[in-house]
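# Remarks on the overall topology
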Amino acid sequence: MTVTTTSTPASKPHRLISTSQVLPHGHLDYVHDISFDYYGRRFATASGDRTVRVWDLNSDGMWMSGELGGSGGGGKANEWVAARGAVRRVCWSHPEFGQLLATAGADHSVVIWEEREGNFKSLATPDENINNNAAMAGGTNTASGDTSSSSSRWVQKATLSDARRAVTTVQFAPRHLGLRLATGSADGVVRIYEALDTSNLNHWKLDGVIEAGVEDAVDTSEAVVVGRQSMTIGGENSSNENMGVSSLSWCTGRFEPATLCVGCSSGRASVYRYDDGARSWVEAIRLPNHATANGVPRGVLDVAWAPNVGRSYHLIATCGKDHRLKVHRVKRGRGGKGGEGGAQAAASSSLVYEGTEDLDRSEVWRCQWNLTGTVLASSGDCGVVKLWKSDFQGKFKCISEIVGDTTGMAAASAVRQR
């Protein structure tokens, strides 16, 4: 696992300087997700071995996590078993609500974790470390001679298990919307939860449901559902893997109502807004599908809503299995014109779709914006992270490429060729 930090020197504002640190991630399976906290000084990794590991940036600029990072404290203090199956996604809440993590697992559940201070035995810590922790608590000298050291403790606060299939994505809402959480699962449903009391995280209320990709999660031999494309188009099979909702992203605009962009395995990406009058979530805009030139749908792999800093429009990035990275431009409207149309028309009139720009036609798995929404990062299976930025004409161009450590990839390729 390679962690790269980029910076722009004051004397050369158009040059990016990057520093990399190769970390032994310590997981026994693939790392499915990496999530940085609000300040960028901590990140968490989620793995198929059911564990989550938290890394911290020390004063020397090095990333450390328990024994692998070389820090003291006795044992893997920042690693624990987070699910009964593979952990697919992990995300941080805003620091105003404390150090909270949400993990999405293949066991159909989302777990809320809170960090506490104190000596403890992690669920992923070997049994021999129990005696060390007990000795520390009793004041007995350890091998390091440190009797006052303490380790971070992640406590399970709540388990949200309403999903009928594996949970594929999870993300906390922006701070101004309160302590809320959106989850997407393979049953095609987006569920929004809200903490009843921020001082008591044991109780969460199911605050909303969006059936964004229910038809995508149903396996039927005939395409009879309205709005669903056939599984075989032009002699070419669709890559719909019945994953339902594959990704989601919150709109962070403070002057916007609660808004989500949801990507589905059918290649559809839609924008949903909460309508106060109907007290429900409605589809405001359906973005262009991810599909091949023959119209065969390809699943959406990731969506990212750009933070809005002084712009009169929104930017939404999507990438899919059609090997395309797109940036969609959505403009703020002035509200409805009155008359009939219902709650859905009133909600859709507040956002106007303007256009889409194709950025990259290579294999892209993930995309993410920077803090100001001016630079877009994309990554794929080639070990390269590309940075995109718009010019004075509003066209996005690749301004930098960061090549990760591909030694392991080359070795695996050589083994396959044998």
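First, a word on scope: everything that follows refers to the structure included in this document. (Residues numbered from 1 in each chain as written. Predicted model: local features only at pLDDT ≥ 70, side-chain atom pairs only at ≥ 80, totals over all residues. Heavy atoms only, no water.)

### Some thoughts on the pattern of salt bridges
Note on pairing: side chains with opposite charge can pair once their charged atoms come close. Stated formally: A side-chain nitrogen of Lys or Arg and a carboxyl oxygen of Asp or Glu constitute a salt bridge if their distance falls within 4 Å. Strands here mean DSSP runs of E at least two residues long; helices mean DSSP runs of H or I at least four residues long; both are numbered from the N terminus. Any residue under 20% of the maximum accessible area for its type is buried, any over 50% is exposed, and the rest in between are partly exposed; the area is computed with a 1.4 Å probe on protein chains only.
Using the criterion set out here, one finds 18 salt bridges in the structure. Arg42 is the partner of Asp56 in a salt bridge, and the nearest nitrogen-oxygen pair spans 2.5 Å. Here the residue Asp56 occupies a position in strand 5 (residues 51–57), and Arg42 occupies one in strand 4 (residues 42–47), the gap between them amounting to 14 residues. Judged by its relative accessible area of 11%, Arg42 falls in the buried class. A salt bridge links Glu114 to Lys157, with the shortest nitrogen-to-oxygen separation between them at 3.7 Å. Of this pair, Glu114 sits in strand 10 (residues 110–117) while Lys157 sits in strand 11 (residues 152–160), and the two are 43 residues apart along the sequence. Of the two residues, Glu114 and Lys157, neither departs from the other in class, the shared state being buried. A single network of salt bridges, built from pairs that share partners, joins Arg42, Asp56 and Glu115.

### Describing the side chain of Ser378
Going by this rule: A 3.5 Å cut-off defines polar contacts: any pair of N or O atoms within that distance qualifies, except that in protein one atom must be a possible hydrogen donor and the other a possible acceptor, and neighbouring residues in sequence count only when both atoms are side-chain atoms. Contacts were defined at the residue level, with two residues in contact if any of their heavy atoms lie within 4.5 Å.
Take Ser378: it is sitting in strand 27 (residues 375–379). Among the residues examined, Ser378 registers a relative accessible area of 2% and is labelled buried. A polar contact is formed between the side chain of Ser378 and the side chain of Trp388, at a distance of 3.0 Å. Residues within four places of Ser378 in sequence aside, it is in contact with Leu325, Val364, Arg366, Cys367, Val384, Val385, Lys386 and Trp388.

### Focus: the packing of aromatic side chains
We count it as follows: Any two rings among Phe, Tyr and Trp, with Trp reduced to its six-membered ring, count as a pair given centres within 6.5 Å; such a pair is stacked if its planes are under 30 degrees apart, edge-to-face if over 60, and tilted if neither. Counting as a charge over the ring demands two things of the Lys NZ or Arg CZ atom: a distance within 6 Å of the ring centre and an angle within 35 degrees of the ring normal.
Counted under the stated rule, the structure contains eleven aromatic pairs. Ring geometry for Trp80 against Trp154: centres 5.3 Å apart, planes inclined by 15 degrees, an arrangement best described as stacked. Remark: Trp154 occurs in strand 11 and Trp80 occurs in strand 7 (residues 79–81); sequence separation between them is 74 residues. Comparing Trp80 with Trp154 shows no difference in burial state: the two are buried. Ring centres of Tyr274 and Trp281 lie 5.8 Å apart, and the angle between their planes is 65 degrees; this geometry places the pair in the edge-to-face category. Using a relative accessible area of 10% as the deciding quantity, one classes Trp281 as buried. Feature note: the residues Phe36, Phe43, Trp55 and Trp63 constitute an aromatic cluster, connected by ring pairs. For the cation-ring pair, Arg329 lies above Tyr313, with the distance from its terminal atom to the ring centre recorded as 3.6 Å.

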